[in-house]
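For reference, the chains in residue letters:
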Amino acid sequence: MEEAKEVSKSDEPKYRGVKAMPFVIGNETFEKLGTLGTSSNLLVYLTTVFHMNSVTATNFVNVFNGTCNFGTLLGAFLSDTYFGRYKTLGFASISSFLGMLVLTLTAAISNLHPPSCGTTDTCVAPTAWQMAFLLSAFVLLVIGASGIRPCNLAFGADQFNPNTESGKRGITSFFNWYYFTFTFAMMVSLTVIVYVQSDKSWAWGLAIPTFLMFLSCLFFFVGTRIYVMVIPAGSPLTSVLQVLVSAVKKRKAALPEQPSVSLCNHIPANSINSRLAYTKQFRFLNKAAIITPEDQIKPDGSAVNPWRLCSIQQVEELKCLLRITPIWAAGIIYYVSVVQQQTYVVFQALQSDRRLGNTGFQIPPASYIVFSMLTLTIWIPIYDRIIVPTLRKLTKKEDGITILQKIGIGMGVAIATMVVSAIVETHRRDFALTKPTLGSVPRKGAISSMSGSWLVPQLVLAGISEGFAIIGQIEFFYKQFPENMRSIAGSFLFCGMALASYLSSFLVSTVHSITEGDARGNWLAEDLNKGRLDYFYYLIAALEFLNLVYFLLCAKWYKYKGANAKTLDFPLEKMQSDNPPV
């Protein structure tokens, strides 16, 4: 890794802008093609090559995805505090490449995976060292995702001067290209790469994204000489801890009668955060800004001991985080519905008629997820260019509807998604039990004569739901977090997804365990025709309904950051670009 001149925000770096884009966009494109091409078909790989049952494989993928997402918080902290985005991205990219290489070896070398089941239903389980080798690949992939996901978008934006008109236009253009690469990579991964993996060779199907990840690393490091690399300025989480510690130390102190004018109100001259007004929520924290005789003040107005005296600005920034947390918690439950459209829908497709028309071509099971992505891609410009202007005329609001209203609509559509999923699964199962089948899937069961096209409506609804809820949450976190915590804001979103993956895994295991001995059959049986996956979908729908009620109560209580509506204005196009893909 070549050394390059690092700059702090107080220096005037030489922004290369568009000149750096071939390297940054090239890195982004190949990185997404590599990671998405590897992860999009993991369920099928684990069940067909490593002979895991569907519940174990689903839990494995949920835990893997959850750990990748939760690790972004640590990645963002290390990047902001110690290493900077360039070093974090460089290390994480190499780790991802090595993880993909190890995973490819598990498919290419026969001794690294169990022998094929052949025509029998009895399969040999993987040995301990085969599982250890497989797990080492996932550990490397987790390390890579933890560094890449919170840093890649911000690093690209760092290459433009945010203080000039051309720089601002360049940042917007980069965000658009960033979102385009995500869409392009998703489409290719869920079609071409998944087809090679499922119908040709797992070894080649995994080797292709590994080579693409190698090209991503190559593009990234070739551009080292012209990158702008911002020196880490310290983690904003330190300020949060200082407020908590100071408030505890002064817990017995009495708040002044006019706290808004009597508390410490120092704001550093180089702060990038907008000034926040004093609020009465969470009044206990205001004690951190009480000036006592023991506190010493520097000539510039700051505290000598920041672990004893904090400014009211710091206190209000912490309050922002506390107000956001209940909304974030509602997002965790919402993501559970999203997870189902990425896991069990693959098993539904496996036991459905996947033939494309009268041709002999069969659509790979994991490729059905592309309909959700395609819907999202089509829906966003329609919403932004047609629906928002119409709503703007009706509501007289800049964005047509508020951010929380947008999230609430997405959560409502998620309920409809799960209900439709349950109805379609009932239809698929009835076809399998009452009509002639189309053969069988090894270790699962008969293939229903229901066309796989019946799965498209639930995936379309899932895409629309994400277009409202997930993009709305990205927009919400970006606007409502203090400006110096916007990298943490992205990690906050990923952490919610991580906990949703863990929660989904817990629900799958719990339902499987409780219904396993039921006389009516296991809801999540290996053979979906013998199970009641539709009941599980109805359970998720009920959970989403309760979550929507909780969210509406939180939304009614929530107070937006800033005193006027202008603080909430931000182009939807940029929010689309912030949608986290990996």
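Please read all numbers here as calculations on a predicted model, not as lab measurements.

What counts, and where the lines are drawn
- Residues numbered from 1 in each chain as written.
- Predicted model: local features only at pLDDT ≥ 70, side-chain atom pairs only at ≥ 80, totals over all residues.
- Heavy atoms only, no water.
- Helix = DSSP H or I, 4+ residues; strand = E, 2+ residues; numbered from the N terminus.
- Contact = heavy atoms within 4.5 Å.
- Areas by Shrake-Rupley, 256 points an atom, 1.4 Å probe, with all protein chains shown as cover.
- Patch = residues over 30% accessible without salt bridge, like charges linked within 9 Å, V, L, I, M, F, W, Y side chains within 5 Å.
- Salt bridge = Lys/Arg side-chain N within 4 Å of Asp/Glu carboxyl O.
- Axes fitted to C-alpha atoms, helices over the stretch in contact; angles between N-to-C directions.
- Parallel < 35°, antiparallel > 145°, perpendicular 65-115°, else oblique.
- Left-handed = near helix turned anticlockwise from the far one by under 90°.
- Nonpolar A, V, L, I, M, F, W, Y, C, P; charged D, E, K, R; others polar.
- Phe/Tyr/Trp six-rings, centres within 6.5 Å; stacked < 30°, edge-to-face > 60°.
- pLDDT = per-residue confidence, 0-100.
- Buried < 20%, exposed > 50% of the residue type's maximum accessible area, 1.4 Å probe, protein only.
- Core = buried A, V, L, I, M, F, W, Y, C linked by side-chain atoms within 4.5 Å.
- Domains from an automatic or database assignment.

## Brief notes about the overall build of the protein
Point 1. A tally of regular secondary structure across the protein gives 17 helices and four strands.
Point 2. If you take every contact in the protein between residues at least 6 apart in sequence, the share linking residues at least 24 apart comes to 82%.
Point 3. Only carbon and sulfur atoms are counted for the fraction: they give 65% of the accessible area of the protein, which is about 25400 Å².

## Structural notes on a nonpolar patch on the surface
Point 1. A cluster of nonpolar side chains, contributed by Phe211, Phe214, Leu218 and Val222, occupies part of the molecular surface with about 390 Å² of accessible area.
Point 2. Structurally, Phe211 can be placed in helix α7 (residues 202–222).

## As for the packing of helix α13 (residues 403–434) against helix α14 (residues 456–480)
Point 1. Between α13 and α14, the least distance of the axes is 8 Å, while the angle of their chain directions is 155 degrees. Relative to α14, the element α13 lies roughly antiparallel. Crossing angle aside, the handedness with which α13 passes α14 is left-handed.
Point 2. Each residue belonging to the contact of α13 with α14 can be placed in one class, and the counts come to 17 nonpolar, seven polar and three charged.

## Remarks on the packing of aromatic side chains
Point 1. Evaluation of the coordinates by the stated rule reveals 21 aromatic pairs.
Point 2. Taken together, a centroid distance of 5.7 Å and an interplanar angle of 35 degrees make the contact between Phe220 and Tyr227 tilted.
Point 3. A centroid spacing of 6.3 Å and a plane angle of 85 degrees characterise the contact between Phe282 and Trp557, whose relative ring orientation is edge-to-face. Here Phe282 is found in the loop between α9 (259–262) and α10 (312–340), whereas its partner Trp557 is found in helix α16 (residues 533–557), with 275 residues between them in sequence.
Point 4. Three or more aromatic residues link up through ring pairs in this structure, and these residues are Tyr86, Phe220, Phe221 and Tyr227.

## Re the confidence of the model for the protein
Point 1. Per-residue pLDDT for the protein averages 79, and the proportion of residues at 70 or more is 85%.
Point 2. Mean pLDDT across the elements of the protein bottoms out in helix α17 (residues 572–577) (33) and peaks in α16 (93).
Point 3. Contacts from residues 1–10, a stretch scored under 50 in pLDDT, to residues over four places away or in other chains number 21 contacts.
Point 4. Counting contacts from residues 563–582, a segment whose pLDDT is below 50, to residues more than four positions away or on other chains yields 60 contacts.

## Topic: the side chain of Glu466
Point 1. Tracing the backbone through its elements, the reader meets Glu466 in helix α14.
Point 2. Under the relative-accessibility criterion, Glu466 is labelled buried at 15%.
Point 3. Beyond its immediate chain neighbours, meaning those up to four positions away, Glu466 contacts Tyr334, Val338, Ser372, Leu376 and Ile471.

## Side note on the nonpolar core
Point 1. Tyr45, Phe476, Phe477, Phe481 and Phe536 are the most contacted members of the largest nonpolar core, which has 125 residues in total.
Point 2. Per-domain counts for this core show at least three residues from each of domain 1 (17–223) and domain 2 (322–356 + 367–557).
Point 3. Beyond its immediate stretch of four places on either side in the chain, Phe477 contacts Ile324, Trp328, Ala489, Phe492 and Leu493.
Point 4. Counting seven residues, the second largest nonpolar core, distinct from the first, contains Trp379, Tyr383, Ile401 and Val413.

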